[in-house]
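# Observations on the model geometry
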Amino acid sequence: MRFTVRIDIHDNDYILLHDRMKAASFSRTMVDSSTGKRVQLPIGEYFSDVHLSAQKALFAAMQASLPLDFHAEIVVSGGGKILTHGCAEVEASSWTSIFTIPAKSARATAAFGSYPLFQN
């Protein structure tokens, strides 16, 4: 299967990361599907078609990166999956803290106080 991996490390020592990812069967180049040309990937972005599952690709990326930065943020996509490690969780909806929607009405109202702009 084909996987792309994005790794953000916080000390910016990507040269050592590149070497470790290469040893784990990841490449910094890939063939663009639309043009058929081999392209250089951005720093911290890798490609592999060696790993059998997204989970195995994630584990390989973790083994390569976590010794360099225990707080590395990793995203693996491919095989119909997107897996992450170390990425910050976000709220279910960023609008929840701004607007509330009453159960019987679909009209939005200000959640904190009343402002002239929102008054009818």
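Before reading further, recall that the structure is shown in the block above.
Quick caveat: nothing in here was measured; it's all calculated off a predicted structure. (Residues numbered from 1 in each chain as written. Predicted model: local features only at pLDDT ≥ 70, side-chain atom pairs only at ≥ 80, totals over all residues. Heavy atoms only, no water.)

### Remarks on the overall build of the protein chain
Stated precisely, the cut-off is as follows: Going along the chain from the N terminus, every DSSP run of H or I of four or more residues is numbered as a helix, and every run of E of two or more is numbered as a strand. Throughout, exposure labels follow a simple rule: accessible area from a 1.4 Å probe, protein chains only, divided by the maximum for the residue type, with under 20% read as buried, over 50% as exposed, and the rest as partly exposed. The contact criterion used is simple: two residues touch if any of their non-hydrogen atoms lie within 4.5 Å. Residue burial considers only the protein chains on display, and all accessible areas are found by Shrake-Rupley using a 1.4 Å probe.
A tally of regular secondary structure across the protein chain gives two helices and eight strands. Listed by position from the N terminus, the elements making up the protein chain come as β-α-β-β-β-α-β-β-β-β. Classification of the 120 residues of the protein chain by burial places 28% in the buried group. Across the protein chain, every contact between residues at least 6 apart in sequence was considered, and the portion connecting residues at least 24 apart equals 54%. Of the roughly 8400 Å² of accessible surface on the protein chain, a fraction of 59% belongs to carbon and sulfur atoms.

### Let's talk about the sheet that holds strand β5 (residues 73-78)
We apply this condition: For two strands to pair, DSSP has to find at least two bridges joining them. To get an axis, a line is fitted to the C-alpha atoms, and for a helix only the part in contact is used. The angle between two axes follows their N-to-C directions and goes from 0 to 180 degrees.
Pairing is antiparallel across the open sheet formed by four strands, whose spatial order is β4-β1-β5-β6. The two strands at the open ends of the sheet, each matched to only one other strand, are β4 (45-48) and β6 (81-85). Each strand of the sheet is rotated relative to its neighbour by a mean of 15°, with strand direction disregarded. Pairing between strand β1 (residues 3-8) and β4: four bridges, direction antiparallel. From the neighbouring strand, Thr-4 faces β4, where its bridge partner is Phe-47. Those strands touched by helix α1 (residues 14-23) are β1 and β4, and its axis lies near 150° from that of β1.

### Focus on the pairing of β6
Within a regular strand, the side chains alternate between the two sheet faces. Of the pairings in the sheet, the one linking β5 to β6 comprises five bridges and is antiparallel in character. From the neighbouring strand, Ser-77 faces β6, where its bridge partner is Ile-82. The hairpin turn running from β5 into β6, its antiparallel successor, is two residues long, and Gly-79 in that turn takes a positive phi close to 65°.

### Structural notes on the nonpolar core
Basically, it comes down to this: What we call a nonpolar core is a set of buried Ala, Val, Leu, Ile, Met, Phe, Trp, Tyr and Cys residues that are connected through their side-chain atoms within 4.5 Å.
Counting 22 residues, the largest nonpolar core has Val-5, Ile-7, Met-21, Phe-26, Ile-74 and Val-76 as the members making the most contacts within it. Only β1, α1, α2 (54-65) and β5 provide two or more residues apiece to this core. Considering every element that reaches this core, the biggest residue donor is α2, with seven residues. Excluding residues within four positions of it along the chain, Ile-74 makes contact with Val-5, Arg-6, Ile-7, Leu-58, Ala-61, Met-62, Ser-65, Leu-83, Thr-84, His-85 and Cys-87.

### Let's talk about α1
Rules: By arc we mean the arc of the directions from the helix axis to the C-beta atoms, nothing more.
Looking at α1, one finds that the buried residues are Tyr-14, Leu-17, His-18 and Met-21. Seen along its axis, α1 keeps its buried residues to an arc of 105°; they face one direction. Seen from the buried face of α1, the exposed residues on the opposite side, beyond 90 degrees, are Ile-15 and Ala-23. In this structure, the buried side of α1 is in contact with β1, β4 and α2. Downstream of α1 by a residue or two, Ser-25 has a phi angle that is positive, lying close to 75°.

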